[in-house]
Amino acid sequence: MEMSRAKKIPTRVLLAEDEVLVGDVIEHELEKGGYEIVGRARNGQLAVELTNKLKPDVVIMDIAMPKMNGLEAMRRIFDTCPVPVILLTAHDAESFIVDAGMIGAAGYLVKPSNIREMDRAITIGLARFNDIMELRRMNVRLQEALEKVRILSGLVPICGQCNKVRDDSGAWRVLDEYLETLTGVKLMHAICPECKASAEHMAVDERITVGRRAAAAEGPPPAPAESEKSHASDHEVVISGDALQVFKLSDIKYIEAKDDYSIVHTTDGKKHVVRRLLNKWETLVPRSSFLRIHRSCIVNLNYVLKIEKWFDHSYRVFIRDEIESVVMSRRYGAALRGKLNKAREE
């Protein structure tokens, strides 16, 4: 090959020919042209084994050989150690050319061939083989992409609150983790200009927040406003079915809606199921310290630790001593900002 010889690196050739004299002639011509013969095989099976062992740059292989013919040997080579194969034939038949091309032969030579014909066949064969391998790689990537599209085109259950996705095993997973596993694409979190502006408005002075919590922990809560005098006792009595429950409002960390019930999370780590709608709770708890952050959640601001951006313009609200965060929708974000800005002014 001219390029290889120009670089002083001879092209390494494996010759598969069962007729010894014919093989000697071909080997002599190739060496005269600057090629390196790394091995010779007298049957197709040995040609496959030597190709896997020696890793030649090209294989020149006769079709009619014992144990395994050249076409079958070429198929095995493509499956185990793909290299370009130039087929040798004694007949320039059109049917042979078509069959060899369909299988993936890099070229063919009609015996006897001189070095110019061999050199031309090897040069073109190497280039054609590279094109074939690139097409195969592209086809594999295309098939993988189509499979991912097929998977993504089905119905995927997604939680309306936290945006977790249920996979085929039934496990609920974070959306970006699910997509990375499914598609192999690494997701990078960023903030669009609109969300960035919203996040800047929600910045909280940590010193003021810590001060408010410390004050709440050290002393009694401030006197209620005129509109909240009904809560001066800081207790709420709830009748739920046959049970009578009494809550100290300052001990309630947050309240979740659950169908026709609500779940009250208190500072002792307990969860109390109460037959009361969240809308009713909203009219009973002090508005100075309790705020609805979602259609299904009310939080006590005294127990809010931090707020983080979440999916689809929502936020995650972290509650003191709670492992799981609660979700705040964009709709209620303005009200929380107002509360925090008011606290900062105070």
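How each quantity is defined
Residues numbered from 1 in each chain as written. Predicted model: local features only at pLDDT ≥ 70, side-chain atom pairs only at ≥ 80, totals over all residues. Heavy atoms only, no water. Pairing = 2+ DSSP bridges. Helix = DSSP H or I, 4+ residues; strand = E, 2+ residues; numbered from the N terminus. Axes fitted to C-alpha atoms, helices over the stretch in contact; angles between N-to-C directions. Buried < 20%, exposed > 50% of the residue type's maximum accessible area, 1.4 Å probe, protein only. Core = buried A, V, L, I, M, F, W, Y, C linked by side-chain atoms within 4.5 Å.

Another point: the pairing of strand 15 (residues 304-309). Direction of pairing for strand 15 relative to strand 16 (residues 315-319): antiparallel, over a ladder of 5 bridges. In the sheet register, K306 faces strand 16, and the bridge partner there is F318. Taking the residues between adjacent antiparallel strands as the criterion, strand 15 and strand 16 are bridged by 5 residues, where D312 takes a positive phi near 55°.

What the 5 strands build is an open sheet, ordered 12-11-10-14-13; its pairing is antiparallel. Whereas interior strands pair on both sides, the edge strands pair on one side only; in this sheet they are strand 12 (271-274) and strand 13 (290-294). Pairwise comparison of adjacent strand axes, ignoring direction, gives a mean angle of 20° for this sheet. In this sheet, strand 14 (residues 297-300) lies alongside strand 13 in antiparallel orientation, the contact comprising 4 bridges.

This part takes up the environment of R295. Tracing the backbone shows R295 in the loop between strand 13 and strand 14. Using a relative accessible area of 57% as the deciding quantity, one classes R295 as exposed. For the pair R295 and S329, spaced 34 residues apart in sequence, the C-alpha to C-alpha distance is 8.2 Å.

With that settled, the discussion passes to unusual backbone geometry. One non-glycine residue with positive phi stands out, namely K67, at about 70°. The topology assignment puts K67 in the loop between strand 3 (58-62) and helix 4 (70-80). Residue classification places K67 among the exposed residues on the basis of a relative accessible area of 71%. Of note, D321 is a non-glycine position whose phi angle comes to about 65°, a positive value. For D321, a relative accessible area of 71% translates into the label exposed.

This brings us to the nonpolar core. One finds L30, I60, M61, M74 and V85 to be the most contacted residues of the largest nonpolar core, which totals 41 residues. Elements with a minimum of two residues in this core: strand 1 (12-16), helix 2 (20-32), strand 2 (36-41), helix 3 (44-54), strand 3, helix 4, strand 4 (85-89) and helix 6 (115-152). Here the element with the most residues in this core is helix 6; it accounts for 7 residues. Core analysis: the next-biggest nonpolar cluster, separate from the first, contains 14 residues, V299, Y303, I319 and M328 among them.

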